[in-house]
Amino acid sequence: MTKKYLSIDTKLIHAGEPEPRILGAVSMPIFQSAMFEYGGEKSYDDLKYIRLNNTPNHAALHAKLAALENAEAALVTASGMAAISTALLAVLSQGDHLLAQDCLYGGTHDLITKDLPGLGISFDFIDGNAPGSWEKKLKPSTKAIYVETMTNPLIQVADLRAVVEFAKAHHLVSMIDNTFASPINFRPAEWGFDLSLHSCTKYLNGHSDIVAGAVIGKADLLEKTVHKLNHLGGSLDPHACFLLHRGMKTLAVRVRYQNESTLKIARFLESHPAVLKVNYPGLTSHPAHERARSLFEGFSGMLSFEVKGGVEAAERFMKKTTLPVIAPSLGGIETLLTRPATTSHAGLAPEERQRLGISDALIRMSVGIESPEDIIEDFEQALRG
């Protein structure tokens, strides 16, 4: 009998674990075998094979991820972009049209603007804060609407309730990149989203040592995504599965601590005379603060900010800090700083970044699990003169 767990904290530890335990192993063993003995499977997709993402390591992750977001099914992939691209290609085909939020992760933006048109898939960008404007961009061929829970890197919060309502009213597949929030702060299936996407490289793994992705949501859409992934080949190696499985078990304690720490750091930055602007939905000054409060159980470990003095001042500040690592990516136990104009959004034309409000001086911060007081002390010295 499948056990049911009420708390996400308990699901992180126990959901999806093999029963009975494999030879009594408390930790999930690594099944580092490319193929498995034929067991009478009737379908190619049911054969046990690493590329088909269905080894015991994959199966345990799929069950755990689905349980975390109270969804019907889940699938792990070789990277966050493998999850995003495969899910989009499972939902869209030649002649279809996509509505997408106008401020997205650079890789997603490039996929939509540079790759999908070559496959005969058109798109229009929408303002996540203006639901009344979406219908004007709707076409008979529109099949899906795509947003981020909190946008990268401006940490905007779209009208997510309106996204779901709009999708249902117009029979669209609703898709959301939930990487920044993680299932601790937001669970898309509970709000009616069809598909939730993650770069598991970030919060779900949490230790900056693998690249992985996940698609979570409705079973019929996951079945399509699985078949598409089987052809595209973005499978996750069993050892990476093991590291993701292990990292996820501390997700709740990490993210809740990061939520608290980031709010303290955001308040410090907002009050500092050398700081021009802070983007963090936990701040009452954030334009979507009340919306975020009503949607999320925490405001995440992600913020972005600008210091006075432009790019030169931003570079000087980052070089003077001693605790954060200057590196792209996010969601790990280490605090990271990066300028999106040179990393995550370098692929966007300067005028496009400017249109979206992504200044070249913008600093994106991923808060780790260090003491926030130590980070604040470090920032104080880095912001001096």
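Up top you'll find the structure we're talking about.
A brief structural summary.

Cut-offs used in this document
- Residues numbered from 1 in each chain as written.
- Predicted model: local features only at pLDDT ≥ 70, side-chain atom pairs only at ≥ 80, totals over all residues.
- Heavy atoms only, no water.
- Helix = DSSP H or I, 4+ residues; strand = E, 2+ residues; numbered from the N terminus.
- Rg over C-alpha atoms; globule rule 2.2 N^0.38 Å.
- Buried < 20%, exposed > 50% of the residue type's maximum accessible area, 1.4 Å probe, protein only.
- Contact = heavy atoms within 4.5 Å.
- Areas by Shrake-Rupley, 256 points an atom, 1.4 Å probe, with all protein chains shown as cover.
- Lys, Arg positive; Asp, Glu negative; His and termini not counted.
- Charge placed at Lys NZ, Arg CZ, Asp CG, Glu CD.
- Pairing = 2+ DSSP bridges.
- Right-handed = clockwise from strand over helix to strand, strands pointing away.
- Axes fitted to C-alpha atoms, helices over the stretch in contact; angles between N-to-C directions.
- Polar contact = N/O pair within 3.5 Å; in protein donor to acceptor, adjacent residues only side chain to side chain.
- Disulfide = S-S within 2.5 Å.
- Phe/Tyr/Trp six-rings, centres within 6.5 Å; stacked < 30°, edge-to-face > 60°.

Observations regarding the overall build of the protein
No. 1: Counting secondary structure elements, the protein contains 13 helices and twelve strands.
No. 2: Over its C-alpha atoms the protein spans a radius of gyration of 21 Å, differing by no more than 12% from the 21 Å that the globule rule assigns to 385 residues.
No. 3: Dimensions of the protein, computed from the C-alpha atoms along their principal axes, are close to 70 × 55 × 35 Å.
No. 4: Expressed as a percentage of the 385 residues in the protein, the buried residues total 55%.
No. 5: Here the contacts in the protein between residues at least 6 apart in sequence split such that 73% fall between residues at least 24 apart.
No. 6: Surface summary for the protein: the accessible area is close to 16100 Å², and the carbon and sulfur share equals 54%.
No. 7: Here the protein contributes 38 positive and 43 negative side-chain charges, whose respective centroids are spaced 1 Å apart.

A look at the pairing of strand β2 (residues 97-101)
Across a regular strand the side chains alternate sides, sitting on one face of the sheet and then on the other.
No. 1: Judged by how many residues are buried, β2 sits mostly within the fold: five of five residues are covered.
No. 2: Alternating positions in β2 separate into two faces, H97, L99 and Q101 on one and L98 and A100 on the other, with burial throughout.
No. 3: Pairing analysis gives five bridges linking β2 to strand β3 (residues 122-126), with the strands arranged parallel. The residue bridging H97 from the neighbouring strand is S122, located in β3.
No. 4: In this region the chain leaves β2, passes through helix α4 (residues 106-115) and returns to the parallel neighbour β3; the handedness of that crossover is right-handed.
No. 5: Note that β2 and strand β4 (residues 142-148) share four bridges and pair parallel. Opposite A100, over in β4, you have Y146 as the bridge partner.

Here's the deal with the sheet that holds strand β10 (residues 325-326)
Strand pairing in a sheet is mediated by backbone hydrogen bonds. Such pairs are either parallel or antiparallel.
No. 1: Here five strands make up an open sheet; going across it, the order is β8-β9-β12-β11-β10 and the pairing mixed. The strands lining the two open edges of the sheet, one partner per strand, are β8 (275-279) and β10.
No. 2: Here strand β11 (residues 336-338) runs beside strand β12 (residues 363-366); their pairing, made up of three bridges, is antiparallel. Each bridged residue has a counterpart across the sheet, and for T338 the counterpart in β12 is R364.
No. 3: Where helix α11 (residues 310-320) meets the sheet, it contacts β9 (302-307), β10, β11 and β12, and its direction lies at approximately 120° from that of β9.

Some words on the environment of D96
No. 1: Here D96 lies in the loop between α3 (80-91) and β2.
No. 2: The spacing of D96 and K139 is 43 residues in sequence and 9.2 Å in space, taken between C-alpha atoms.
No. 3: When residues no more than four places from it in sequence are discounted, the contact partners of D96 are V91, G120, I121, S122, S141 and K143.
No. 4: A polar contact of 2.8 Å, which involves the side chain of D96, links it to the backbone nitrogen of S93.

Re the state of the cysteines
No. 1: Per the counting criterion, the structure on display carries zero disulfides.
No. 2: No disulfide involves C200; its nearest neighbouring cysteine sulfur is the one of C241, lying 9.7 Å away.

Some details on the packing of aromatic side chains
No. 1: Applying the stated rule across the entire model yields eight aromatic pairs.
No. 2: When the centroid spacing of 5.9 Å and the interplanar angle of 25° are considered together, the rings of F186 and W191 count as stacked.
No. 3: Under the relative-accessibility criterion, F186 is labelled buried at 1%.
No. 4: The partly exposed category is assigned to W191, whose relative accessible area is 30%.
No. 5: Clustering of aromatic rings is evident, with ring pairs tying together F186, W191 and F296.

Comments concerning the sheet that holds strand β5 (residues 173-177)
No. 1: With mixed pairing, seven strands are arranged side by side in an open sheet as β1-β7-β6-β5-β4-β2-β3. One side of each edge strand has no neighbouring strand; the edge strands of this open sheet are β1 (73-77) and β3. For this sheet, the mean angle separating the axes of adjacent strands, direction not counted, is 20°.
No. 2: Across the sheet, helix α5 (residues 160-169) is in contact with β2, β4 and β5; its angle to β4 comes to roughly 170°.

Coordinates in, geometry out; function isn't part of it.
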